[in-house]
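Below, each chain spelled out in residue letters.
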Amino acid sequence: MFHMAAQGTTWKQEITAGLTSFFTIAYILVVNPAILADTGMPYSYALLATVLVTVIGCFLIGVWGNAPIVLTPGMGINAFFTYTIVEGFGLTWQQGLAAVFAAGCVFFIAAVTPLAGQLTSAVPESLKLGITVGIGMFLSFIGLQKGGLIAADEDTFVTLGSLSSSLPLLTIFGLILTLALFVRKVKGSFLIGITVTTVAGLFFGIEGEQAGTHVSFSGYGSMLKALDFSGWLELSFWVSVFSLTIIIMFESMGLLQGMLPDQNKFSRSYQASAIAALSAGVLGTSPTIPTVESASGIAEGGRTGVTAIVVGVLFALSLLFAPFFTSIPEGAIAPVLVIVGGLMVQEIRHITFHDMSEWFPAYLIIGLIPLTSSIADGIAFGFIAYPLLKLALGRPRAVSPLMYMISGLFLLNYILLLGL
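Analysis parameters
- Residues numbered from 1 in each chain as written.
- Predicted model: local features only at pLDDT ≥ 70, side-chain atom pairs only at ≥ 80, totals over all residues.
- Heavy atoms only, no water.
- Helix = DSSP H or I, 4+ residues; strand = E, 2+ residues; numbered from the N terminus.
- Contact = heavy atoms within 4.5 Å.
- Pairing = 2+ DSSP bridges.
- Core = buried A, V, L, I, M, F, W, Y, C linked by side-chain atoms within 4.5 Å.
- Buried < 20%, exposed > 50% of the residue type's maximum accessible area, 1.4 Å probe, protein only.
- Axes fitted to C-alpha atoms, helices over the stretch in contact; angles between N-to-C directions.
- Parallel < 35°, antiparallel > 145°, perpendicular 65-115°, else oblique.
- Nonpolar A, V, L, I, M, F, W, Y, C, P; charged D, E, K, R; others polar.
- pLDDT = per-residue confidence, 0-100.
- Salt bridge = Lys/Arg side-chain N within 4 Å of Asp/Glu carboxyl O.
- Polar contact = N/O pair within 3.5 Å; in protein donor to acceptor, adjacent residues only side chain to side chain.

(A) Structural view of the side chain of Thr-198. Mapped onto the fold, Thr-198 is located in helix H9 (residues 189–203). Once residues within four sequence positions are removed from consideration, Thr-198 is found in contact with Ile-328, Pro-329 and Ala-332.

(B) Representation of the environment of Leu-337 within the structure. Looking at the secondary structure, you find Leu-337 in helix H15 (residues 330–345). In sequence terms Leu-337 and Phe-217 are 120 residues apart; their C-alpha atoms lie 31 Å from each other. Ignoring anything within four residues of it in the chain, the contact list for Leu-337 reads Thr-24, Leu-139, Ser-140, Ile-142, Gly-143, Lys-146 and Glu-293.

(C) Layout of the pairing of strand S3 (residues 157–160). Pairing geometry for strand S2 (residues 150–153) and S3, over four bridges, is antiparallel. Across the sheet, the residue bridging to Ala-152 is Val-158, located in S3. Connecting S2 to the next strand, S3, in antiparallel fashion are three residues.

(D) Quick look at the nonpolar core. Counting residues in each nonpolar core, the largest one holds 117 residues, and the members touching the most others are Phe-250, Tyr-270, Phe-383 and Phe-410. If one sorts the elements of this core by residue count, helix H10 (residues 235–259) sits on top with 13 residues. Residues in contact with Phe-383, not counting those within four places in the same chain, are Val-123, Leu-127, Ile-131, Phe-250, Met-253, Ile-365, Met-403, Ile-406, Ser-407 and Phe-410. Membership of the second largest hydrophobic core comes to five residues, among which are Leu-129, Val-133, Ile-351 and Ala-362.

(E) Structural detail: the packing of H10 against helix H17 (residues 375–392). Direction vectors running N to C along H10 and H17 enclose 85°, while the axes themselves pass 10 Å from each other. Between H10 and H17, the interaxial angle falls into the category roughly perpendicular. Listed contacts from H17 to Ile-247, Phe-250, Glu-251, Met-253 and Leu-255 of H10 are Ile-375, Ala-376, Ile-379 and Phe-383. Its residues placed into classes, the contact of H10 with H17 shows eight nonpolar, no polar and one charged.

(F) Just the confidence of the model for the protein chain, in detail. Residues of the protein chain with pLDDT of at least 70 account for 97%, and the chain-wide mean is 90. Per-element confidence in the protein chain is highest for strand S1 (residues 71–73), whose mean pLDDT is 96, and lowest for helix H14 (residues 322–326), whose mean pLDDT is 69.

(G) Quick look at the pattern of salt bridges. For the structure shown, the criterion picks out four salt bridges. With a closest N to O distance of 2.9 Å, Glu-358 and Lys-390 form a salt bridge. Taken as a pair, Glu-358 in helix H16 (residues 356–372) and Lys-390 in helix H17 lie far apart in primary sequence, 32 residues in all. The class of Glu-358 is buried, set by a relative accessible area of 16%. We classify Lys-390 as buried; its relative accessible area is 1%. Through salt bridges with shared partners, a single network forms among Asp-355, Glu-358, Lys-390 and Arg-395.

(H) The arrangement of the environment of Asn-66 in detail. Residue placement: Asn-66 occurs in the loop between helix H3 (43–63) and S1. Note on Asn-66: relative accessible area 9%, which makes it buried. Sequence separation between Asn-66 and Asn-32 is 34 residues, and the spatial gap between their C-alpha atoms is 26 Å. In this view, Asn-66 contacts Met-1, Phe-2, His-3, Gln-7, Ile-61, Lys-265, Arg-303, Thr-304 and Gly-305; residues no more than four positions away in its chain are not counted. A polar atom in the side chain of Asn-66 sits 2.8 Å from the backbone nitrogen of Gly-305.

Pasting the structure below:
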């Protein structure tokens, strides 16, 4: 079913990759409910919804797409849902979930029609590579933040963190250990690094911020009918739907293009991503996307859907052991994010640098994804700049009609956001 021999992998390798991906993305069990709770949504319900939609997404992409990708509520999109759609546009969280469901329906239609393949072929190779590199930079940036190696600064926005603090020191320890294991090609190097660093952190009293959190899932069934379409006549509702659709469609496309070891699996993986995103609105969370942390499992050797299924199983079991996983310190997760980000940045060598109309839009994507902390905004600026530069060179036919339409939609999205 998974064609392991043909893909040069084994059950042991796939399970190890799944364990690595899980421990790298386990922080979403804490972070996503915490962000969604700011909308007024019950924390416990948001946690259960996060687990359920991840289990569904991982099994879908594992069985249908045979891909080693984790589908879980996306960082950035959850913040967009909470702080833009609910707090900014004034929708209730129930109306926000209705917008998520509507956006997921549009995404699904695109994914099961020829439009998905046309979108993929319409995007220039330089932009696809820019997305991969930009995501790698973003992943490293997240890791450095989580590990306390960089911190906010009033004058320079970011600066070197305090190296006298325990968290940065734990991160440096984990980074040195994990790098040493990885360059020596030790199997399970990321998983070993996370485990040893976690034990070291616990020994010195360093735990996850939500360690010991008590949750209760009683009454969750009410979430399954929480969708509220009462605001469907309001402009803010449709701007929310449009924005979410643009984000989940193109983030999913960019992430799958950037991470899938076998691009022949793109179509089915894209369809699985669409179904998972649609189910998020019903289950009670922000949309799912293929998470960048999937790259850690792929780097560990994950090549088939078994990796994703292992992650799904572990997420389901995590409900029984939530206090343990919430105790994993960010200093144990950060090294893996930094290393995987560096591996993805290597793709920059394939970008064509003799033509500025090709490399500059890719450069915008690479720079703006980490600097705006938004994959969608980074992609948008690059996609808008690409046809403009081709037009400036008098080469309008170098851009496909569909690419012009995509760029126009990104531009329209910003115009509508300005109107609100």
